[in-house]
Amino acid sequence: MVKVTIDRPGCISCESCWTLCPDVFEQNPEDEFSEITEQYRVNDNPAEGEVPEDLADCVWEAADSCPVTVIIVED
C-alpha cells in the first residue's frame with residue numbers, strides 16, 4: 001500500500017491530480033479542493049488515503065504534477 005496525504009487548505013483546485021489519477025483523487029463539491037476518493041480514504045478523512053501498489057504510478061504522477069506540492073506520497 002502507498003500512503004497519500006493532501007494538504008487540502010493549500011490546494012488551488014487546478015484539476016491536475018483528479019485529471020491524471022481519477023481513481024484516487026476527486027474534487028470536493030463543497031469547497032472545490034482535491035480529496036481522496038471514498039474508496040481509498042483512511043478513517044473517512046478526505047485528506048488521507050491508502051492506495052494499492054497498482055495505482056502508485058498515477059499517484060506519484062499526480063503528486064509530481066501538483067503546482068503547489070500539496071500531495072505527499074509515502075511508500
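Structural data are supplied above this passage.
Keep in mind that this is a model prediction, so the values were computed, not measured.

K.L.:
So what exactly am I meant to see when it comes to the overall build of the protein here?
P.N.:
When helices and strands are tallied, the protein shows two helices and six strands. Projected onto its principal axes, the C-alpha positions of the protein cover 30 × 25 × 15 Å. Of all 75 residues assigned to the protein, the portion counted as buried reaches 41%. Looking at the protein alone, contacts between residues at least 24 apart form 52% of all its contacts between residues at least 6 apart. Put simply, the protein shows about 4,300 Å² of open surface, and 44% of that area lies on carbon and sulfur atoms.

K.L.:
Looking at this structure, I do not really get empty space enclosed by the protein. What am I missing?
P.N.:
Over the atoms a probe the size of a water molecule is rolled, and this reveals where empty space is left. Taken as a whole and judged by the stated rule, the model has one cavity of 30 Å³ or more. Quantified by volume, the largest cavity comes out at close to 90 Å³. Contributions of two or more residues to the lining of the largest cavity are made by α1 (16-20) and α2 (56-65). Of the residues in the lining of the largest cavity, the class split is twelve nonpolar, four polar and one charged.

K.L.:
Looking at this structure, I do not really get the nonpolar core. What am I missing?
P.N.:
In globular proteins that are soluble, nonpolar side chains generally tend to be buried together. Counting residues in each nonpolar core, the largest one holds 21 residues, and the members touching the most others are V4, V24, F25, V59 and I71. At the level of elements, β1 (2-6), α1, α2 and β6 (71-74) are the ones that each hand at least two residues to this core. Considering each element in turn, this core owes the most residues, five residues, to α2. Excluding its chain neighbours within four sequence positions, the residues that come into contact with V24 are E35, I36, T37, Y40, V51, L55 and V59.

K.L.:
Help me understand the state of the cysteines in this model?
P.N.:
The term disulfide refers to a covalent linkage connecting the sulfur atoms of a pair of cysteines. Considering all chains together, one arrives at one disulfide under this definition. Here C21 engages in a disulfide with C58; their sulfurs sit 1.9 Å apart. With a gap of 37 residues between them, C21 in the loop between α1 and β2 (25-27) and C58 in helix α2 connect regions that are remote in the sequence. Judged by its relative accessible area of 17%, C58 is buried. In this model C66 remains outside any disulfide bridge; the closest cysteine sulfur is found in C14, 5.8 Å from its own. Residue C66 is classed as buried on the basis of its relative accessible area of 10%.

Definitions and limits used
Residues numbered from 1 in each chain as written. Predicted model: local features only at pLDDT ≥ 70, side-chain atom pairs only at ≥ 80, totals over all residues. Heavy atoms only, no water. Helix = DSSP H or I, 4+ residues; strand = E, 2+ residues; numbered from the N terminus. Buried < 20%, exposed > 50% of the residue type's maximum accessible area, 1.4 Å probe, protein only. Contact = heavy atoms within 4.5 Å. Areas by Shrake-Rupley, 256 points an atom, 1.4 Å probe, with all protein chains shown as cover. 1 Å grid on protein atoms, 1.4 Å probe; cavity = no way out; pocket = protein on both sides within 12 Å on 5 of 7 lines; lining within 4 Å. Points joined across faces, edges and corners; volume = space filled by probe spheres on them. Nonpolar A, V, L, I, M, F, W, Y, C, P; charged D, E, K, R; others polar. Core = buried A, V, L, I, M, F, W, Y, C linked by side-chain atoms within 4.5 Å. Disulfide = S-S within 2.5 Å.

So yeah, pure geometry; function would need other evidence.
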